[in-house]
Amino acid sequence: MTTQPLLSVKNLKVHFYTLRGIVHALERVAFELNRQETLGLAGETGCGKSVTARAILRLIDPPGRIISGSIIFEGRDILTIDEAEVRDIRGSQISMIMQEPKMSLNPVIRVGDQVAETLLIHDRSLNRRSARRQAVDMLAQLGIPDPTRMAQRYPHELSGGMSQRIMIAMMLVTRPKLLIADEPTSALDVTIQAQILALMQTLVSEIQTSVLMITHDLGVMAETCERVAVMYAGDMVEVGSVHNVLKHPQHPYTQGLLQTVPDKANPDQPLFSIEGNVPSLLEPQTNCRFAPRCAHVMDRCKREIPPVYNLNGDHQAACFLHDGSPEAQAV
Amino acid sequence: MNVTHAIDKNEARRRRWEARRRYLKDSYILWRRNRLMVVGTCIIVFLLLVAAFAPLLATHDSYEQILPDRLLAPSTKHYFGTDGLGRDIYSRVVYGSRVTLTIACLVAAISTPLGLVIGVFAGYVGGAIDEILMRLSDVFLAFPKLILAIAFAAALGPGVENAIVAISVANWPSYARLARAETLGVRNNDYIQVIRSMGASNLRIMVGHITPMCLSSIIVRLSLDMGTIILTAAGLGFLGLGAQPPTPEWGLMVSDGRQFLVDQWWVSTLPGIAILIVVMGFNLMGDGIRDILDPHQRQS
């Protein structure tokens, strides 16, 4: 077995060239994803989670551009191989489940055929009939009752939860090595969310897939992930095991984020919010992006970009608070 | 467990069949409700029947010239009278329906796929290619269709085949425009992104996922255009750039009768009325097809 991670993202930088100027959507994104591991990518809306996901599949469309960095997947840098190779990886090795299940299915094609299409794209020798049979098998594996009939339906006949199940079938039918789930449950009813997550987890462990779980729901994260990466305004602020990050957060942003979770024991307590707003991404990063909202802000936070400090073991945080502390070492 | 799921295959098939039947029934009701469309459809069906059974309906050989019988008025022997060369106009009108239908169908078969391919390609690829193709279509659209068709027919030389090519060339830009507009609307949908994230090539996306979305509006547009196509074909025939004598083409027959218009009105007028009725039939039907395919109409 190799100890090399399945996916290793380094210094990913993505800019969008808009009319108002250059949007520095991702400035310094780096994380590693091991085999058969679920990594959570947390952060508030607009912090670049989805852009990261799309960059991994090299699906950044103009006006966006990947400026620099590397995305090593199984020893190959996705950012340097040619388009045909990327197409080959998409869907067969790396699949992505999107946020809106109802919008993600083509309204005029039967869902069974859509699941089958993933197979047909990547296996030219496969005929339509056997692809369809495999699709139905996949639906059955997902525990969908009467899969043959379900495969004959059109997307508008399905509920949101069922659509998301179909999406999961579509994405996992090729048994990819990596599944990117971009907020797979945020468009669903709370009651369905748990079901879908449980379903995903069983399937993922069955076909031994790694998962990059993008979510802003810390509860979902705590339940499904082994490691967590926290992003703020296009910058990676903290990476570590789910236990370390959620129990002993080392970056002020993560600490604030965790405080926003309402306390069940104390329902009358007013909801916590982090003061201030997310900074404009139009300016390039010259300091800690979180500095204007940080309670522990120091002078140097406003002048320099904090390096990523390696804390005990598998825990990293990009904050000057850890400068000089005994266990920390700058990377 | 949920009872509704415990349905066997036959039951599922029956329900699907039922749904299809209901769709057809709704279509029929909408069709019946639109009187003008009923009229239009009847005219087109009549035209098709006439074209199919032309040899049975014709009373004379459409090419046979009986010079002593020149310019006879309509009678029981010659229903529509005879023309300047003593040919039976009724038989020629009957056979003319075949020429007209051939031209209309071939133009539709050439110009719609051409416009569809160009439009979807331009809309999907975008950028400079889109710009070039659309400016090219602007050039075509800047001229009235008939004028453009005349220019192409004149360049290619007279004849039915060349007339078909000329009308097709004049016609494709409007379909390309329509397909491009639909493509732009569909292109940024989530499901296109999803299929792209699954590794589909651009060709697969264009053929399998975008073209089907353009078809219904193209079909509606085509059914509305059929009348114009026939009119253009007749116009070319009239001007001597389309079908050549002695082909029994309606436009050509109208043209032949010009010199007798005052004294022997039937030579020009009766083929002219045939053109009028057929064009009206296609237009009425086109309007109705648009209404039937419109899902909003189905609600009521």
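It should be noted that the structure appears before, not after, this text.
Calculation criteria
- Residues numbered from 1 in each chain as written.
- Chains lettered and ligands numbered in written order.
- Predicted model: local features only at pLDDT ≥ 70, side-chain atom pairs only at ≥ 80, totals over all residues.
- Heavy atoms only, no water.
- Helix = DSSP H or I, 4+ residues; strand = E, 2+ residues; numbered from the N terminus.
- Buried < 20%, exposed > 50% of the residue type's maximum accessible area, 1.4 Å probe, protein only.
- Contact = heavy atoms within 4.5 Å.
- Areas by Shrake-Rupley, 256 points an atom, 1.4 Å probe, with all protein chains shown as cover.
- Lys, Arg positive; Asp, Glu negative; His and termini not counted.
- Charge placed at Lys NZ, Arg CZ, Asp CG, Glu CD.
- Expected span 1.5 Å × (residues − 1).
- Bend = angle between axes of the 7 residues up to and from the residue.
- Buried area = accessible area lost by both parts, 1.4 Å probe.
- Salt bridge = Lys/Arg side-chain N within 4 Å of Asp/Glu carboxyl O.
- Polar contact = N/O pair within 3.5 Å; in protein donor to acceptor, adjacent residues only side chain to side chain.
- Phe/Tyr/Trp six-rings, centres within 6.5 Å; stacked < 30°, edge-to-face > 60°.
- Axes fitted to C-alpha atoms, helices over the stretch in contact; angles between N-to-C directions.
- Parallel < 35°, antiparallel > 145°, perpendicular 65-115°, else oblique.
- Left-handed = near helix turned anticlockwise from the far one by under 90°.
- Nonpolar A, V, L, I, M, F, W, Y, C, P; charged D, E, K, R; others polar.
- Disulfide = S-S within 2.5 Å.

(A) Broad picture of the overall build of chain B. Per the secondary structure count, chain B includes 12 helices and zero strands. Its helices and strands in sequence order give chain B the pattern α-α-α-α-α-α-α-α-α-α-α-α, from N to C terminus. Here the C-alpha coordinates of chain B stretch approximately 85 × 50 × 30 Å along the principal axes. By residue count, 47% of the 300 residues in chain B fall in the buried class. Taking contacts inside chain B between residues at least 6 apart in sequence as the whole, the part at least 24 apart equals 70%. Surface exposure of chain B reaches about 15200 Å², of which carbon and sulfur atoms provide 66%. For chain B, the distance from the average site of its 28 positive side-chain charges to the average site of its 22 negative ones is 9 Å.

(B) Highlighting helix α9 (residues 202-238) of chain B. Residue and element names in this part refer to chain B. The terminal C-alpha atoms of α9 lie 46 Å apart, and with 37 residues this falls more than 12% below the ideal 54 Å at 1.5 Å per residue. Approximately 45 degrees is the largest bend angle found in α9, and it occurs at threonine 211, with the proline proline 212 only one to four residues beyond. Downstream of α9 by one or two residues, glycine 240 has phi in the positive range, about 85 degrees.

(C) Structural view of the interface of chain B and chain A. With 23 residues of chain B in contact, the opposing surface of chain A contributes 32 residues. When chain B packs against chain A, the two sides together hide about 2300 Å² of surface, and 59% of this comes from carbon and sulfur. Where chain B packs against chain A, one counts two salt bridges. The residue arginine 204 of chain B makes a salt bridge to glutamate 117 of chain A at a minimum N-O spacing of 3.1 Å. Joining chain B to chain A, the criterion identifies eight residue pairs in polar contact (both at pLDDT 80 or more). Residue assignment for the side of chain B that touches chain A shows that the elements contributing at least two residues are α1 (9-33), α8 (190-197) and α9 of chain B. Per element, the largest residue contribution to the side of chain B that touches chain A is seven residues, and it comes from α8 of chain B.

(D) Highlighting the pattern of salt bridges. What the rule picks out here adds up to 26 salt bridges over all chains. Across the pair arginine 90 of chain A and glutamate 83 of chain A runs a salt bridge whose closest N-O atoms are separated by 3.6 Å. When its relative accessible area of 2% is taken as the criterion, arginine 90 of chain A is described as buried. Of the charged contacts in the structure, one is a salt bridge between aspartate 287 of chain B and arginine 290 of chain B, with a shortest N-O distance of 3.2 Å. Of this pair, aspartate 287 of chain B and arginine 290 of chain B both sit in helix α11 (residues 266-293), separated by three residues, roughly a single helical turn. A relative accessible area of 34% means that aspartate 287 of chain B is categorised as partly exposed.

(E) Region of the structure containing the packing of aromatic side chains. Taken as a whole and judged by the stated rule, the model has nine aromatic pairs over all chains. Between tyrosine 253 of chain A and phenylalanine 290 of chain A the ring centres are 5.2 Å apart and the planes differ by 70 degrees, which places this aromatic pair in the edge-to-face class. Of the two residues, tyrosine 253 of chain A is situated in helix α10 (residues 252-259) and phenylalanine 290 of chain A in the loop between α10 and β11 (309-311); the sequence distance between them amounts to 37 residues. Residue classification places tyrosine 253 of chain A among the buried positions, given a relative accessible area of 0%. Each ring, one from tyrosine 79 of chain B and one from tyrosine 90 of chain B, has its centre 5.0 Å from the other, and the planes form 80 degrees; the classification is edge-to-face.

(F) Region of the structure containing the packing of helix α6 (residues 145-156) of chain B against helix α7 (residues 160-187) of chain B. Residue and element names in this part refer to chain B. Put simply, α6 and α7 touch, their axes get as near as 8 Å, and they point 140 degrees apart. When the axes of α6 and α7 are compared, the pair comes out oblique. The two elements α6 and α7 meet at a crossing, and its hand is right-handed. Contact residues: α6 offers Lys145, Leu148, Ala149, Phe152, Ala153 and Leu156, while α7 offers Asn162, Val165, Ala166, Ile167, Val169, Ala170, Asn171 and Ser174. Of the residues contributing to the contact of α6 with α7, the split by class is 10 nonpolar, three polar and one charged.

(G) Layout of the side chain of glutamate 117 of chain A. Here glutamate 117 of chain A lies in helix α3 (residues 111-122). Its relative accessible area of 10% is what places glutamate 117 of chain A among the buried residues. Side-chain polar atoms of glutamate 117 of chain A contact the side chain of arginine 204 of chain B, separated by 3.1 Å. Setting aside residues up to four positions removed in sequence, glutamate 117 of chain A forms contacts with Ile195, Arg204 and His209 of chain B.

(H) Expanded view of the state of the cysteines. Summed over all chains, the structure comprises zero disulfides over all chains. Note on cysteine 47 of chain A: no disulfide assigned, nearest cysteine sulfur contributed by cysteine 288 of chain A at a separation of 14 Å.

By themselves, these observations are geometric and do not establish any function.
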